[in-house]
Amino acid sequence: MSTIELEITSNQYVCKFYFERRINVIKGDSGTGKTSLLELIRDTSPDIIKNITLDVLIADDLGWKALMTASHDAIIIFDDSNVIDSAEFAKCCYEYVVKNNLYLLIFNRENLKIEQHTKEAGYMPNISYSIDSIYRLCSDGLNHWLEPFYNLKKCSQFSGLDICITEDTSGGFEFFSKLLNTVQVEHSDGGKSAIVDKIEKLPVKDKNILVIFDSAAFGCEIERFVNKLRDYDLAVLDSYECFEGLLLCSNMFRNNQKVINVFKDLPAYANKYCLSWETFFEKLLAYVTREKPYKYVHGKKLRKCYFEDCGSFSFCTFELSQKCGLDVRENKLEWLLTDTKYSYLLAFHKNENCVTKKMSAF
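Residues numbered from 1 in each chain as written. Predicted model: local features only at pLDDT ≥ 70, side-chain atom pairs only at ≥ 80, totals over all residues. Heavy atoms only, no water.

> Hey, could you run me through the side chain of Ser128 in this one?
For Ser128, the location among the structural elements is in the loop between strand S7 (102-108) and strand S8 (134-139). A relative accessible area of 16% means that Ser128 is categorised as buried. Once you skip the residues sitting within four places of it in the chain, Ser128 turns out to touch Tyr94, Lys192, Ala216, Ala217, Ser276 and Glu278. (Helix = DSSP H or I, 4+ residues; strand = E, 2+ residues; numbered from the N terminus. Buried < 20%, exposed > 50% of the residue type's maximum accessible area, 1.4 Å probe, protein only. Contact = heavy atoms within 4.5 Å.)

Next comes the structure, spelled out in structure tokens:
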């Protein structure tokens, strides 16, 4: 099952919602139709036409845990719940959502203030969920639809770039330091929760700043990020889920049949195994490289195969190159991203070899 559908039609209310991920946040204040939607879901009148992929259940703050543990193949709605920020709720999500094939729709007031949370914690601080699964509930009176709540400036919109700050302190930081070699690259000092503090400490208010964080897991931090840094000129990577996702979309894996099959229907594969797509990409990359010289281990130092030309480093012997199947005797980083959806990053890469070889992305 790739996409979850929730369509309801009555004389006074029409909605067509589609979700790709297991955890979804819908923001909307009074008057946007949230209450009417919940009433229609409960209503059994034959005049209401419903096309819903799974059973829909509505949780309350007393019985939510029993509902999550006992339900299977269902959409569970939490309406302005007081439990979703708790560690107990997060534990239940990680234990039961994938195992029981659950999808969560979490309704939240749009005017939630960042001051309600501590400096270290955001909305649902214990759960990794995507900023792309946070929506604004919109209405023209009869029709109701969802739009992305956060529309951040994209890196491809920058004509110039002064500094890059990465969430990753290991392999991702090393990779982007070499790729964006015309730009100052720094990393946060404690993962995604420290990105805001890092930027606020730097004298960069008049600079074009690229911030690289794992959007597939940044939902708990995005409100603080937007509220605290609204005076900075920030951009994020276009279509960037996480560092492992970028590597899987590169030319390194353009002929890997497992990777090709996954990207043909990513929601079906990712939701089957993991609550967060970030975790899925980590596991997939580890799996497809497990027997290769360019084996990838999350959080560890990145193999030179990803950024240095083949044969240019000491362990790249003839025997290993045969096992590897690559023989790239040119600028590796340019070869890696050319004609992929991340090729725009090459605008910030100085190719000292001045050699370009075109490759087709899968």
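> Explain the environment of Ala90 to me, please; I cannot follow it from the model alone.
Residue placement: Ala90 occurs in helix H3 (residues 87-97). A sequence separation of 38 residues divides Ala90 from Ser128, and the C-alpha atoms of the two residues are 9.3 Å apart. Every residue in contact with Ala90, bar those within four places of it in the chain, is listed here: Asn126 and Ile127.

> Please explain the sheet that holds strand S5 (residues 55-58) as it appears in this structure.
Pairing between sheet strands relies on hydrogen bonds along the backbone, with the strands arranged either parallel or antiparallel. Reading across the sheet, the nine strands line up as S4-S1-S2-S9-S8-S3-S7-S6-S5 and stay open at both edges, with mixed pairing between neighbours. Both edges of this open sheet fall to strand S4 (49-52) and S5, since each of them pairs with a single strand only. Within this sheet the neighbouring strands show an average axis-to-axis angle of 20°, counted without direction. With three bridges joining them, strand S3 (residues 23-27) and S8 adopt parallel strand pairing. Bridge pairing in S8 places Val25 opposite Ile134. Those strands touched by H3 are strand S6 (74-79) and S7, and its axis lies near 150° from that of S7. (Pairing = 2+ DSSP bridges. Axes fitted to C-alpha atoms, helices over the stretch in contact; angles between N-to-C directions.)

> Is there a simple way to think about the confidence of the model for the protein chain in this case?
When pLDDT is low, close inspection of the predicted coordinates is not appropriate. In the predicted model, the protein chain carries a mean pLDDT of 87, and the fraction of residues at 70 or more is 92%. Every residue in residues 112-122 scores below 50 in pLDDT, and together they form 15 contacts with partners more than four places removed in sequence or on other chains. Across residues 354-362, confidence stays below pLDDT 50; counting only partners more than four residues off in sequence or on other chains, it has 27 contacts. (pLDDT = per-residue confidence, 0-100.)

> I'm lost on the pairing of S5 in this one. Help?
A regular strand carries its side chains on alternate faces of the sheet. Where S5 meets S6, four bridges bridge the pair, whose relative direction is parallel. The residue of S6 that forms the bridge with Val56 is Ile75.

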